[in-house]
Every structure is written in structure tokens, then in C-alpha cells.
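Descriptive analysis of the structure
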Amino acid sequence: MRTTTFLLPVVFLSSALAWGRNGGNGSGNTKSSINNNSQEFALPAENRRYDYKQSLKKPFTYNGVMPFWSNHGNSFVAPDFVRLSPSVPGLKGSVWRQTPNEYKEWEVEFQFKAFGQGQTGGKGLAFWYTQERAIEGNVFGSKDQWKGLGVFMDTADPANQRNNPVIYGIMNDGTKPFPANPTANTNSFGGCLRDYKNTHIPVVVRVSFIDGVLKVSADTHSRGKKMMPCFEQKDLNLPVGYHFGISAQSADHGNPDDHDLYAFEVYEVNPPMKEKAPLRPHEAEMKKKGEEVKVDLADQAAFEEVQKIVEEQEAKLKEETEGTGNLSPAQVAATVGDTQYRIIESLNSIHNKLETLGAPMQPPESSAKSLEDINHKINSMAASLHAMESVVQGLVDHIMAQGGIASGPDISKVLKEELSNLNAKMEDMDSRQSFQHRLTQNRLLNSTSWVSYVVFLILVQVVAVSAYTWYKKRLEMNEKKFL
């Protein structure tokens, strides 16, 4: 039978610092880092692939349901976060993946906030990788005597040692109860102190299991850009088929905390190579005919250039969005406008290249048949544009209030120019659809004129024959009078 392994910090800060310098407690299979001045950041796995079906991020619901996940207890789902437990004494909640994990090696990054009065005593959160799922209990909102891994973000301080907030891990074989005072356990040989409570941005924690080694790192102030190692444990057995989950519990007395989850992202590490690449337009038909599929080097270079532009703009947008606190309002507005222009330019280039590669395009006949639908979409886009104008005006007012009246006209000018560009594109689309509509109407009118012409000729012939018949009868009657 396996024994319970506690990965905890030592009780006093001075001994913890000595422990960090010595690289653990001398056991040789655990590393603990609590030196906050260290610049050796923990990097993500080199070869990892994002799995959206196992991940959870905003918007957290689709048609009122959390895809692939479920929430339990006192948790509730908001558009931008999941509140696992509110600041009410004794409340608890959790979210769990509905199906088990399929990967032997994995990496999880989750973001959370824990905030309340004071720095200790608000209870905490727990990351789970366990055989069972969604069973409520008294261990940070989940059941005791679990089978698997638990990583705990704990702000409780029952011994009043002021050595919290703390992050530690526990492996359990399903038989050992959770200790009443885990931070005072003398068998502890891992963990770290991290000031993650009451941060102004979400705290990022990374838990990775690669080649039998568990590594935990955290970043409290840089949105995951500066992940500091917390602890490492070798020779663990975390089999495939366990469930991912995260739970939280508020303190039963004192000052309970709010515990909010902002993201839970799962990556497969060292995924297998893809056996088949996706087919290009008409590639299947060309293979059936025995033709060789080739991509022109110029087209390939154009695609790579467009992809590079999109990636650069995404990285730039992410960096500047996360660092908006260091930019002036005018710089923020200029960045939004530049990014919008680059994205539209890139999408136009991709569309043109798809046409050159022979991607199937909509025929003119179908365009003529769906004029009403297209006009409806244009009207909807126009309404959205008017709504966007009101939102932008509110943004201008907000930026003027934050950045001063002097910068207000410049911001208004930049945003109005961007709206003018959008209006111009909408008018261009409207003119194109109007031209198509007129062309279709002319075709219909031309076809109608041709039919009228034929009918007119038939009527003329009928009248001519009738007149000729009447004339002959008249001659015959005149001849009979003189007989």
C-alpha cells in the first residue's frame, strides 16, 4: 500500500530559505524554490499541443451550458469568470471535466484570484487530478481520502505562524485523511510561499507532468510571463483516465475569501505526429485523376508571409492589451486602429490567394438568388456599425475622463477615422450588391422584352392572316354577284 506524500513548506521562513539554498531536504528527489529574487523562470514544455475540449476559459458558457465541464456546489458561472466559492463562511464549490484525461504527459495552466480582508485565514483552492470526480467534501470543497494528486493554494494559518499564503501538493492512495495542520507536518519536503492573495491581476499556476516528474510553478504579477518554480517531485504515478478539476472553500470563521477561476487550459505534451495532412481545394479530385498536386512557390511564400503578419499582429495585440496600463489613451486608440487595418489587409490577402489556388467560389446565379439574404445581412451589419459608434463614443468619454481633456480631440479624431474606414467598406459592399441587383434586374427585363417581342410578332402574323382571309372572301363575294 502506498503512503501519503506531503509536498509542503517548512514552518519558519528562515529554515525555508536555508532549505531553498540546499535544494530540498536532502532526499534527492525533490526541488523547492522559494527565493523570489531568482531569475531562473520556469518555461513551458517545448512540444505541447492545446486541447480546447479539456480546457475552460471565457466565455465559459455556450447556450447556457459549460461545454465539456460541469460546476457543482455553491459555484456559479459568470461571463468572465467562475466564482468557485463566495466570501460567505463555509461555502464551497468546484468545476470538473466531464470525461477523463487521455494523455500520458500533460501540462495545465490555470488562472485564479483569491481576495478578501487580511492576508491569511480565508481558506483556499485546490487543483485535482483524481480517479473520482465532483464529490463534495471538506478538503477545499472536495472529498477527503482521494486517489490521485492535489495541489493546494492555502491561506489558512491554524498555527498562527504567518507562513501563508502557501502552495503545496499531496499524493494520496485513497486511504489517508487530510492532516488537520498540513503546514506543521514534519515530513514535508516541498512547497513554496507565494503572495497570491489580493492581486490586481489573476495569478497563473502551471502544473506539468512529464516523464514521471511533477513540476509546479507560479506567477503572481506578470500574467504568466515570469513563472517562478515552486516545487518538483520525481517518480510519481499519475495514470491516464483520471479527471481534472478545481475546487475552493471559504473559511468557516474569520474573514472568508472570494475564489474566482479565470482560465483552465490543458496541453498535451509530446503529442504523436499527424498521419495525414488536411487536403487542399480539389486535391482529392486531382489524386483520383492521377494528377500531381503542386503548390506554386510564389503562392506558398505569400501564404507564409500572411501567416507571419497575422502571428505578429496577434502577439502585438496581446502584448499591448496586457500592458495598456503603461500606454496613454491616444496610444491605445492608435494601436487598435493599426491592428484592425493589418487584420483586414491580411484577410483580403488570404481571400485572394484562395481564389488563385482554385478554391470553390459562389457562382453568380446563387448570388442573384440570395440577394434578399445579402441585403438583410448588410442591414444587420449597418445596425451593428451604428451600435459600435455609440460604444466607441462611450469609450472616448471614458478615455477623456481617465487621460485628460487635452488628449480628447486626438482620440476622437483617431476613432472617428477608423469608423469612417468601416463606413467606407460598408458603402463599398452596399454598392457592389446594388450593382449585382441592377444587373440581375436588367437580365430579367431583357428576357421579358424578348418574350414580348416574340408575342408581338405572333400577333402581327395572326392579324395579317386574318386580314388576308377577309380580303379573299370579299373578292369571292363580289365575283358571285355578276354570275
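Looking up the protein in an unreviewed UniProt entry gives the name L-type lectin-like domain-containing protein, with the organism given as Linnemannia hyalina.

Here we come to the side chain of Lys-113. Relative to the elements of secondary structure, Lys-113 occurs in strand 8 (residues 106–115). Buried charge Lys-113 goes without a salt bridge, the closest partner of opposite sign being Asp-260 at 7.1 Å. A distance of 3.5 Å separates the side chain of Lys-113 from the backbone oxygen of His-200, its partner in a polar contact.

This part covers the pairing of strand 8. With eight of 10 residues buried, strand 8 is to be regarded as a mostly interior element. Inspection of the sheet shows strand 8 paired to strand 18 (residues 258–269) by 10 bridges, in the antiparallel sense. Opposite Phe-110, over in strand 18, you have Phe-264 as the bridge partner. Strand direction decides the pairing type here: strand 8 and strand 14 (residues 203–210), joined by seven bridges, are antiparallel. In the sheet register, Phe-110 faces strand 14, and the bridge partner there is Val-205.

Let us now look at the pattern of salt bridges. Taken as a whole and judged by the stated rule, the model has nine salt bridges. Glu-109 is the salt-bridge partner of Arg-206, the closest N and O atoms lying 2.9 Å from each other. Placement of Arg-206 in strand 14 and of Glu-109 in strand 8 is noted, with a sequence separation of 97 residues between them. A relative accessible area of 6% places Arg-206 in the buried class. Using a relative accessible area of 12% as the deciding quantity, one classes Glu-109 as buried. A single salt-bridge network, built from bridges that share partners, covers Arg-48, Glu-107, Glu-109 and Arg-206.

So, about the side chain of Ser-55. When you line up the elements, Ser-55 lands in strand 3 (residues 48–57). Judged by its relative accessible area of 5%, Ser-55 falls in the buried class. A distance of 3.5 Å separates a polar atom in the side chain of Ser-55 from a polar atom in the side chain of Tyr-50. Among the polar contacts made by the side chain of Ser-55, one reaches the main-chain amide nitrogen of Val-266 at a distance of 2.9 Å.

Rules used throughout
Residues numbered from 1 in each chain as written. Predicted model: local features only at pLDDT ≥ 70, side-chain atom pairs only at ≥ 80, totals over all residues. Heavy atoms only, no water. Helix = DSSP H or I, 4+ residues; strand = E, 2+ residues; numbered from the N terminus. Buried < 20%, exposed > 50% of the residue type's maximum accessible area, 1.4 Å probe, protein only. Lys, Arg positive; Asp, Glu negative; His and termini not counted. Salt bridge = Lys/Arg side-chain N within 4 Å of Asp/Glu carboxyl O. Polar contact = N/O pair within 3.5 Å; in protein donor to acceptor, adjacent residues only side chain to side chain. Pairing = 2+ DSSP bridges.

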